[in-house]
Amino acid sequence: MSASKPVGPVGRAPTAPATRAAVWPLVVLFCLLWSAAFAVAKVGIADCPPLILLGTRFILAGAMMLGLAFMTGGFKGMRTRDFAVLAGLGLVNNALYLGLTWCGMATLSSGYTAVVVSAAPLLTAVLAAPLLGERLTWAKLGGLLLGMVGVAMVVRSRLGGGGEDPVGTLLVVGGLVSIAVGTVLFKRLDPRGSLWAINAVQSLSAGFATLPVGLAIEDVSAIRFTPALGLSFAALVVGASIAAYWLWFYLLRRVSATGASSLHFLMPPLGLLFGWLLLGEPVAAADLIGIVPIAVGIGLVTRAPSAPRAGH
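Here the structure is a predicted model, which means the values were calculated and not measured.

The rules we used
- Residues numbered from 1 in each chain as written.
- Predicted model: local features only at pLDDT ≥ 70, side-chain atom pairs only at ≥ 80, totals over all residues.
- Heavy atoms only, no water.
- Helix = DSSP H or I, 4+ residues; strand = E, 2+ residues; numbered from the N terminus.
- Buried < 20%, exposed > 50% of the residue type's maximum accessible area, 1.4 Å probe, protein only.
- Contact = heavy atoms within 4.5 Å.
- Areas by Shrake-Rupley, 256 points an atom, 1.4 Å probe, with all protein chains shown as cover.
- Salt bridge = Lys/Arg side-chain N within 4 Å of Asp/Glu carboxyl O.
- Patch = residues over 30% accessible without salt bridge, like charges linked within 9 Å, V, L, I, M, F, W, Y side chains within 5 Å.
- Phe/Tyr/Trp six-rings, centres within 6.5 Å; stacked < 30°, edge-to-face > 60°.
- Axes fitted to C-alpha atoms, helices over the stretch in contact; angles between N-to-C directions.
- Parallel < 35°, antiparallel > 145°, perpendicular 65-115°, else oblique.
- Left-handed = near helix turned anticlockwise from the far one by under 90°.
- Lys, Arg positive; Asp, Glu negative; His and termini not counted.
- Polar contact = N/O pair within 3.5 Å; in protein donor to acceptor, adjacent residues only side chain to side chain.
- pLDDT = per-residue confidence, 0-100.

Visitor: I'd like a rundown of the overall build of the protein, residues and numbers included.
Guide: Along the backbone of the protein there are 12 helices and 0 strands. Listed by position from the N terminus, the elements making up the protein come as α-α-α-α-α-α-α-α-α-α-α-α. For the protein, buried positions account for 51% of its 312 residues. Considering only intrachain contacts with a sequence separation of at least 6, the fraction spanning at least 24 residues in the protein is 92%. Approximately 13,200 Å² of the protein is accessible, and the part contributed by carbon and sulfur atoms is 73%.

Below, the structure written as structure tokens:
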């Protein structure tokens, strides 16, 4: 995976790119955690309205990471500007992205939701070119288009068969727009702070924005305190809000926005797999065929350019 030099605030030196050997194990772990979260969330919202569950998750995870940030000196060197930026990013990267996605997933399968969200890299690449100065090569463009073709094949198959809800699909599309915008803004604004601090502020910001909305418009009496809800909530707090988001911002600091976002193209096969394993969701032949151009697209987008013989 290669990285163009990020554009950030004047005077900030870009973080040195991590080697492939160091990054790829973290990439694999991130993709597994991120894609599994769709099916795990589907389990949770069966027993609790989505925004109440999401807001509570954000606040608990944020409080835990806040403690870790204080214990490790994660807020050292942060300015008021950094806290303000992170609070705003929390609304985009967490509240809007997952709020819209979870509300849409209430009427959609988890695997299909993962497929729709995986279209985020194309929008991220389009935004990153003018805002971050990231070079959009013909190979990257071809890879992004192939990925989109694969996603479109799955979406067309699911909607054409009447198995998914168009309104829910539109909500999830709004979620993928949010994560693409949030990805580019994080790279552009480049807030200071440790990864614990960065994730804590965003998570708390999202929680305090989401929970009041959920309590106002959702039915609290619909909550059923089942073992499935407890396990789902624990997995979402630790595996998704803490571990997966920590890995996401770690990777964002070390690779280009386009390269990091291209990891979402791995979500269709993994999302469909976890939906089948945890929820028994069916997987059609068209879903599997659509994975082929997605896989090729990932290879093109993340392929490192040839290095000059004299070295860097």
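Visitor: Give a detailed account of the pattern of salt bridges, specifying residues and quantitative values.
Guide: According to the stated counting rule, one finds 3 salt bridges in the structure shown. The partner of Arg-81 in a salt bridge is Asp-82, and the shortest N-O contact between them spans 3.5 Å. Assessed through its relative accessible area of 0%, Asp-82 is described here as buried. Salt bridges linked by common partners bring Arg-79, Arg-81 and Asp-82 together as one network.

Visitor: Explain a nonpolar patch on the surface residue by residue, including any values.
Guide: Taken together, the side chains of Leu-273, Trp-276, Leu-277, Leu-278, Leu-279, Val-283 and Leu-288 define a hydrophobic patch exposed on the protein surface, amounting to about 630 Å² of accessible area. Element by element, the count of residues in the nonpolar patch is highest for helix H11 (residues 267–279), at 5 residues. Position of Leu-288 relative to the elements: it lies in helix H12 (residues 285–302).

Visitor: Just give me the short version of the packing of aromatic side chains, but keep the residues and values in it.
Guide: Here the structure, examined in full by the defined rule, presents 11 aromatic pairs. Ring centres 4.9 Å apart and planes at 50 degrees place the aromatic pair Phe-70 and Phe-75 in the tilted group. For Phe-75, a relative accessible area of 16% puts it in the buried group. Both rings, one in Phe-75 and one in Phe-83, keep their centres 5.8 Å apart while their planes meet at 20 degrees; by these two values the pair is stacked.

Visitor: Describe the packing of helix H2 (residues 50–71) against helix H8 (residues 195–217), naming the residues involved and giving the relevant values.
Guide: For the pair H2 and H8, the least separation of the axes is 7 Å and the interaxial angle reads 155 degrees. Judged by the inter-axis angle, H2 sits roughly antiparallel to H8. When you trace H2 past H8, the crossing you get is left-handed.

Visitor: Hey, could you go over the packing of helix H3 (residues 80–105) against helix H7 (residues 166–189) for me, with residue numbers and the actual values?
Guide: Close contact between H3 and H7 brings their axes to 7 Å; oriented N to C, the two are set at 160 degrees. Comparing the axis directions of H3 and H7 gives the class roughly antiparallel. Relative to H7, the crossing made by H3 is left-handed.

Visitor: Talk me through the environment of Leu-185; I want residue IDs and the actual numbers.
Guide: Take Leu-185: it is sitting in helix H7. What makes Leu-185 partly exposed here is its relative accessible area of 31%. Residues Leu-185 and Val-85, 100 residues apart in the sequence, show an inter-C-alpha distance of 9.3 Å. For Leu-185, the residues in contact, after removing those within four places along its chain, are Leu-89 and Asp-190.

Visitor: Tell me about unusual backbone geometry, and please be specific about residues and values.
Guide: Phi is positive for Asp-190, close to 45 degrees, though the residue is something other than glycine. You can see Asp-190 is positioned in the loop between H7 and H8.

Visitor: Just give me the short version of the side chain of Glu-218, but keep the residues and values in it.
Guide: Inspection of the secondary structure puts Glu-218 in the loop between H8 and helix H9 (227–252). No salt bridge is formed by the buried Glu-218; the nearest opposite charge belongs to Arg-57, separated by 13 Å. Of note is the side chain of Glu-218, whose polar atom sits 3.0 Å from the backbone nitrogen of Leu-51. Here Ile-52 takes part through its backbone nitrogen, which lies 3.0 Å from a polar atom of the side chain of Glu-218. Glu-218 has contacts with Pro-49, Pro-50, Leu-51 and Ile-52, leaving out every residue within four places of it along the chain.

Visitor: Account for the confidence of the model for the protein, naming residues and giving values.
Guide: For the protein, the mean per-residue pLDDT works out to 83, and 87% of the residues sit at or above 70. When the criterion is pLDDT under 50, residues 1–18 qualifies, and its contacts beyond four places in sequence or with other chains add up to 40 contacts. In this model residues 306–312 is a low-confidence stretch, pLDDT under 50, and it forms 1 contact with partners more than four residues away in sequence or in other chains.

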